[in-house]
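Fold and contact review
The residues making up each chain are set out below.
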Amino acid sequence: MSESGRPSRPTFDAVQVGDLLPGRDFALLREDLVRYAGASGDLNPIHWNARVATEVGLPDVIAHGMLTMATAARVVTDWCGDPGAVIEYGTRFTSTVPVPDDGVGARVTVSGTVASRDEQARTVRVDLVATCRGERVLGKAQAVVRLP
Amino acid sequence: MALDTTFAKKVYPPSPTYEVSREKIAEFATAIGSCDPAHLDQAAARALGHPDVVAPPTFAVIVAQRCEAQYVGDPASGIDFSRVVHGEERFRHHRPIVAGDRLVPTLHIDMVRSAGGHGMVTTRVEISDESGAAVATVTSMLVVRGE
């Protein structure tokens, strides 16, 4: 731990292509969807109202794609130690994350790998894999991170 | 109703300024489950070289989605929101967003395509500060499922 109480941050010179970031499992409950809806302003009822979700053909209420995307980014920001160091972040949404109202919710598993390094910019590209119930929920999820 | 493809390449006038507060950054960080001190504690953010608490990487979606509503909420666009699926999202940060920022978003419609009953639209929100300096670019692709 550094003086600021943070684990030491990875430096550009110490990071190699192929390095694995610490992966994590994240639980998403209905209350997390409601909180995200309020904070983001995305009040689409398919993210909190099962009646509306099933009426439009979904199996259940689903998580906001943007909540899944934000959650996956935590693997990157927790690793690099600076949320402001992510200079680019993009993904496709390949599958939905149904969140049942059973007190357990959904489990999203996220892993990350250093895929490339840019010597001049001192940035690395991290490729993320996020799965729920064995299916990939993000496609081509990539973050470009500037390292000290 | 089909998508109106004449919206492609349309650029809207700048939207009203969005003022980034410490409270909103903390609220959004909490909502995505992040307790990184750089979102919550000014001293922790300064230790990383930021002038104030720093926003999570996807925070700009708040500003972008409000701005996109001018288009996706416009009945003339032909977008049936109950049939919209989020296809892709991308953030490019020209610099980190921090508390105290006054952000000016401008909406660009990059692409509107109708094919085989399905539709696809790509919007781009260019976010600058009040001096016009680029802060972030948020690109969003929506799929409108056919009837």
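A quick note: this is a predicted structure, and the numbers were derived from the prediction, not measured. (Residues numbered from 1 in each chain as written. Chains lettered and ligands numbered in written order. Predicted model: local features only at pLDDT ≥ 70, side-chain atom pairs only at ≥ 80, totals over all residues. Heavy atoms only, no water.)

**Regarding the interface of chain A and chain B**
Taken residue by residue, the interface counts 31 residues in chain A and 33 residues in chain B. Together chain A and chain B conceal approximately 2,700 Å² of surface at their shared face, both sides included; 56% is due to carbon and sulfur atoms. At the boundary of chain A and chain B, one finds 2 salt bridges. With its nearest N and O atoms 3.3 Å apart, the salt bridge here joins B:Arg90 to A:Glu88. Every element with two or more residues in the side of chain A that touches chain B is listed here: α1 (30-40), α3 (65-80) and β2 (86-93) of chain A. Tallied by class, residues from the side of chain A that touches chain B come to 13 nonpolar, 9 polar and 9 charged. Looking at chain direction, β2(A) and strand β2 (residues 84-93) of chain B are connected through 5 bridges and run antiparallel. (Contact = heavy atoms within 4.5 Å. Buried area = accessible area lost by both parts, 1.4 Å probe. Salt bridge = Lys/Arg side-chain N within 4 Å of Asp/Glu carboxyl O. Helix = DSSP H or I, 4+ residues; strand = E, 2+ residues; numbered from the N terminus. Nonpolar A, V, L, I, M, F, W, Y, C, P; charged D, E, K, R; others polar. Pairing = 2+ DSSP bridges.)

**Considering unusual backbone geometry**
Residues other than glycine seldom take positive phi values, yet A:Arg133 does so here, at roughly 50 degrees. Its location among the elements puts A:Arg133 in the loop between β4 (123-132) and β5 (135-136). Positive phi outside glycine occurs at B:Lys9, with the angle close to 75 degrees. Looking at the secondary structure, you find B:Lys9 in the segment before β1 (18-19). When its relative accessible area of 65% is taken as the criterion, B:Lys9 is described as exposed. (Buried < 20%, exposed > 50% of the residue type's maximum accessible area, 1.4 Å probe, protein only.)

**Quick word on empty space enclosed by the protein**
Where empty space is left in the structure can be found by rolling a water-sized probe over the atoms. Applying the stated criterion across every chain, the model contains 1 cavity of 30 Å³ or more. The space that makes up the largest cavity amounts to roughly 30 Å³. Looking at the largest cavity, the residues that line it are A:Ala70, A:Ala73, A:Arg74, A:Thr77, B:Ile32, B:Ser34, B:His39, B:Pro56 and B:Pro57. If you tally residues by element for the lining of the largest cavity, the top one is α3(A), at 4 residues. Taken together, the residues of the lining of the largest cavity break down into 5 nonpolar, 3 polar and 1 charged. (1 Å grid on protein atoms, 1.4 Å probe; cavity = no way out; pocket = protein on both sides within 12 Å on 5 of 7 lines; lining within 4 Å. Points joined across faces, edges and corners; volume = space filled by probe spheres on them.)

**Looking at the side chain of B:Ser128**
In this fold, B:Ser128 is placed in strand β4 (residues 118-129). Those residues in contact with B:Ser128 that lie beyond four places of it in its chain are B:Arg102, B:Leu103, B:Val104, B:Ala133, B:Ala134 and B:Val135.

**Some details on the packing of α1(A) against helix α1 (residues 22-31) of chain B**
Contact geometry of α1(A) with α1(B) gives a least axis separation of 9 Å together with a crossing angle of 155 degrees. The orientation of α1(A) relative to α1(B) falls into the category roughly antiparallel. Handedness of the crossing formed by α1(A) with α1(B): left-handed. Contacts between α1(A) and α1(B) involve A:Asp32, A:Arg35, A:Tyr36, A:Gly38, A:Ala39 and A:Ser40 from the first element and B:Lys24, B:Glu27, B:Phe28, B:Thr30 and B:Ala31 from the second. Grouping the amino acids of the contact of α1(A) with α1(B) by side-chain chemistry returns 4 nonpolar, 3 polar and 4 charged. (Axes fitted to C-alpha atoms, helices over the stretch in contact; angles between N-to-C directions. Parallel < 35°, antiparallel > 145°, perpendicular 65-115°, else oblique. Left-handed = near helix turned anticlockwise from the far one by under 90°.)

**Topic: α1(B)**
Helical geometry: 3.6 residues make up each α-helical turn, so side chains three or four residues apart lie on a common side. For α1(B), the full list of buried residues reads B:Lys24, B:Ile25, B:Phe28, B:Ala29 and B:Ala31. All buried residues of α1(B) fall inside an arc of 160 degrees around its axis, so they share one side. Contact partners of the buried residues in α1(B): α1 and α3 of chain A together with β1, α2 (37-40) and α4 (61-72) of chain B. Backbone geometry just after α1(B) places B:Gly33 at a positive phi near 80 degrees. (Arc of directions from axis to C-beta.)

**Digging into a nonpolar patch on the surface**
On the surface, A:Val34, A:Leu43 and A:Trp48 cluster together to form a nonpolar patch covering roughly 320 Å² of accessible area. One can find A:Trp48 in the loop between α1 and α2 (50-55). (Patch = residues over 30% accessible without salt bridge, like charges linked within 9 Å, V, L, I, M, F, W, Y side chains within 5 Å. Areas by Shrake-Rupley, 256 points an atom, 1.4 Å probe, with all protein chains shown as cover.)

**Focus: the environment of A:Ser116**
Assignment of secondary structure puts A:Ser116 in strand β3 (residues 106-118). Each C-alpha atom, one on A:Ser116 and one on A:Arg74, is 19 Å from the other, the two residues being 42 residues apart in sequence.

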